[in-house]
Amino acid sequence: MLNIGCHLSNSKGYMNMCREAASIGANTFQFFTRNPRGGAAKDIDPADAAEARQFMADNGFVKILAHAPYTLNPCAARPEVREFTENTMADDLRRMEFTPGNMYNFHPGSHVEQGIDAGIELITGMLNRILRPEQSTTVLLETMSGKGSEVGSRFEELRRIIDGCELSDKLGVCLDTCHVFDGGYDIVGDLDGVLAEFDRVIGLERLRAIHINDTKNPFGSHKDRHEKIGEGYIGVDAFCRIVNHPALKGLPFFLETPNELDGYGREIALLRSLCK
Ligand code: FE
Ligand code: FE
Ligand code: ZN
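Sequence order sets the numbering: in each chain, residues are counted from 1 along the sequence as written. All chains are assigned letters beginning at A, and all ligands numbers beginning at 1, according to the order in which they are written. Only residues with pLDDT of at least 70 get local features here, since the model is predicted, and only at 80 or more are side-chain atom pairs given and counted; chain-wide, interface and lining totals rely on the full set of residues. To get the side-chain values, all heavy atoms of the structure are used, and hydrogens and water are removed first.

Undergrad: Just to check I follow, could you spell out the coordination of the zinc ion (ligand 3) for this structure?
TA: By definition of the ideal shapes, a tetrahedral metal site with four donors has angles of 109.5 degrees and an octahedral site with six donors has angles of 90 or 180 degrees. We call an atom a donor if it is N, O or S and sits within 2.8 Å of the metal, or 3.2 Å for Na, K and Ca. Water is not counted, so some sites may look partial. Within the protein, the zinc ion (ligand 3) binds to H179 (NE2), D224 (OD) and H226 (NE2); these donor distances fall in the range 2.0 to 2.3 Å. For the zinc ion (ligand 3), the single-chain donor residues occur in sequence as H-x44-D-x1-H. For the pair the zinc ion (ligand 3) and the iron ion (ligand 1), the metal-to-metal distance amounts to 5.2 Å. Taken together, the positions of H179 in helix 6 (residues 177-182) and H226 in strand 9 (residues 226-227) put the pair 47 residues apart, joining distant regions of the chain. Runs of H or I in DSSP of at least four residues are treated as helices and runs of E of at least two as strands, each being numbered from the N terminus.

Here is the structure:
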């Protein structure tokens, strides 16, 4: 069975997300840990988290994925932005322990003219300060489209970040289909080749989640604008190969397409129908 969910609003807590996910045939979901623009997080209700853990166990849910706010930038040029990022992510990782054993995804950031080497050093420095041996959460680096000075659009860059971390067993990768296609990895024409390259450079055992999005822009555009499944440049045939690829079997897939709940439900049904 395909493990799939979509991005949901966490404004009404974990149980509400569980019910919404179940109502559209999902068995996982993604959510922002706080307002996507950053800022203070609402307190987690331990009873709500406990009820959601039980619900997920009873209903065949697989790991859920928290997404860090977009405004964070671990390799920003301005120290105050880096400090805000580090404090926010450390706080998010503490909060993740209310729902242990799940995953936390973040964008490696934009180095803004400092250069890729300096960017990678800042990212690994931050991870080495916030990752803890006792945490149960796996932190995922997201593959990026290479817009502006984004770090993480090449598999080699993600590998260097992982290699720079002492607690690298806490790290994995989330592959975003829109981002890698925009970034110049041809998952439409050569999915096998891209996954072989991922395996050679990073190792497929690091691949823990897929963001399954179509794209509004052609191959290699470095744009990062998501489209509904089948309505963009990736297309249904390629998604059929993606959801059926043996290297991706069992991974959780998360939709981040421009949709409301009912539209996500239709995309989940479509993707499930493509599974052989
Ligand atoms: Fe993302
Ligand atoms: Fe994504
Ligand atoms: Zn994106």
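We are not done yet, so read on.
Undergrad: How do you make sense of the coordination of the iron ion (ligand 1) when you look at a structure like this?
TA: Taken together, H67 (NE2), H107 (NE2) and E142 (OE) make up the full set of protein donors to the iron ion (ligand 1), lying 2.1 to 2.3 Å away. As a motif over one chain, the donors of the iron ion (ligand 1) read H-x39-H-x34-E. Between the two metals, the iron ion (ligand 1) and the iron ion (ligand 2), the spacing is 3.3 Å, and E142 donates to both. In this pair, H107 sits in the loop between strand 4 (103-106) and helix 4 (116-130) while E142 sits in strand 5 (residues 138-142), placing the two residues 35 residues apart along the sequence. Each member of the pair, H107 together with E142, is buried. Burial classes: relative accessible area under 20% of the type maximum marks a residue as buried, over 50% as exposed, and values in between as partly exposed (1.4 Å probe, protein chains only).

Undergrad: How do you make sense of the packing of aromatic side chains when you look at a structure like this?
TA: Aromatic ring pairs are described here by two measures, namely the spacing of the ring centres and the angle between the planes. Centres within 6.5 Å make a pair out of two Phe, Tyr or Trp rings, where for Trp the six-membered ring is used; the pair is then stacked when the planes are under 30 degrees apart, edge-to-face when over 60, and tilted otherwise. Tallied over the entire structure, the rule returns seven aromatic pairs. A ring pair is formed by Y14 and F31, whose centres lie 5.7 Å apart and whose planes are at 85°; its orientation type is edge-to-face. Taken as a pair, Y14 in helix 1 (residues 13-23) and F31 in strand 2 (residues 30-32) lie far apart in primary sequence, 17 residues in all. As far as burial versus exposure is concerned, Y14 and F31 are alike and both buried. One aromatic cluster in this structure is built from Y14, F29 and F31.

Undergrad: Would you mind showing me how to read helix 7 (residues 191-201) here?
TA: Side chains three or four residues apart in an α-helix point the same way, a direct result of the helix having 3.6 residues per turn. Considered for burial, the residues of helix 7 that qualify are L191, V194, L195, F198 and V201. Across the axial projection of helix 7, the buried residues extend over an arc of 135°, all falling on one side. In helix 7, the exposed positions that point more than 90 degrees away from the buried face belong to D192 and R200. Residues are treated as being in contact if the distance between any of their heavy atoms lies within 4.5 Å. Summarising the contacts, the buried residues of helix 7 are in contact with helix 5 (155-163), strand 6 (171-176), strand 7 (207-212) and helix 8 (235-244). A positive backbone phi angle near 105° is found at G203, which sits one or two residues after helix 7. Comment: arc refers to directions from the helix axis out to C-beta atoms.

Undergrad: How should the nonpolar core be read in this particular structure?
TA: A general trend in soluble globular proteins is that nonpolar side chains are found buried together. Counting residues in hydrophobic clusters, the biggest one holds 75 residues, and the most contacted among them are F29, L127 and L271. Excluding residues within four positions of it along the chain, F29 makes contact with C6, L8, Y14, M17, C18, A21, M56, F61, I64, L65 and F254. Grouped together as the second largest cluster of nonpolar side chains are six residues, L65, M103, L140 and A209 included. Remark: nonpolar core denotes a set of buried residues (Ala, Val, Leu, Ile, Met, Phe, Trp, Tyr, Cys) joined through side-chain atoms within 4.5 Å.

Undergrad: What am I meant to see in empty space enclosed by the protein here?
TA: One water molecule sets the probe size; rolling that probe over the atoms shows where empty space is left. With a 1 Å grid laid over protein atoms only, a set of points is called a cavity when a 1.4 Å probe fits there but cannot get out and a pocket when it is open yet has protein on both sides within 12 Å along at least five of seven lines; lining residues have an atom within 4 Å of a point. Grid points are joined across faces, edges and corners, and a volume is the space filled by probe spheres set on the points. For the structure on display, the rule yields one cavity of 30 Å³ or more. Along the walls of the largest cavity sit L175, T177, I187, L191, L195, L207, I210, I242 and L248, which together make up its complete lining. Mapped by element, the contributors of at least two residues to the lining of the largest cavity are helix 7 and strand 7. Each residue receives one of three labels: charged for Asp, Glu, Lys and Arg, nonpolar for Ala, Val, Leu, Ile, Met, Phe, Trp, Tyr, Cys and Pro, and polar for the others, Gly being one of them. Classifying every residue of the lining of the largest cavity by side-chain character gives eight nonpolar, one polar and no charged.

Undergrad: For this particular structure, what's the right way to read unusual backbone geometry?
TA: The phi dihedral of E113 falls on the positive side, at around 70°, and the residue is not glycine. Along the chain, E113 turns up in the loop between strand 4 and helix 4. With relative accessibility at 82%, the residue E113 sits in the exposed group. Positive phi is not limited to glycine here, since D224 has a value of about 65°. Within the secondary structure, D224 is located in the loop between strand 8 (214-215) and strand 9.

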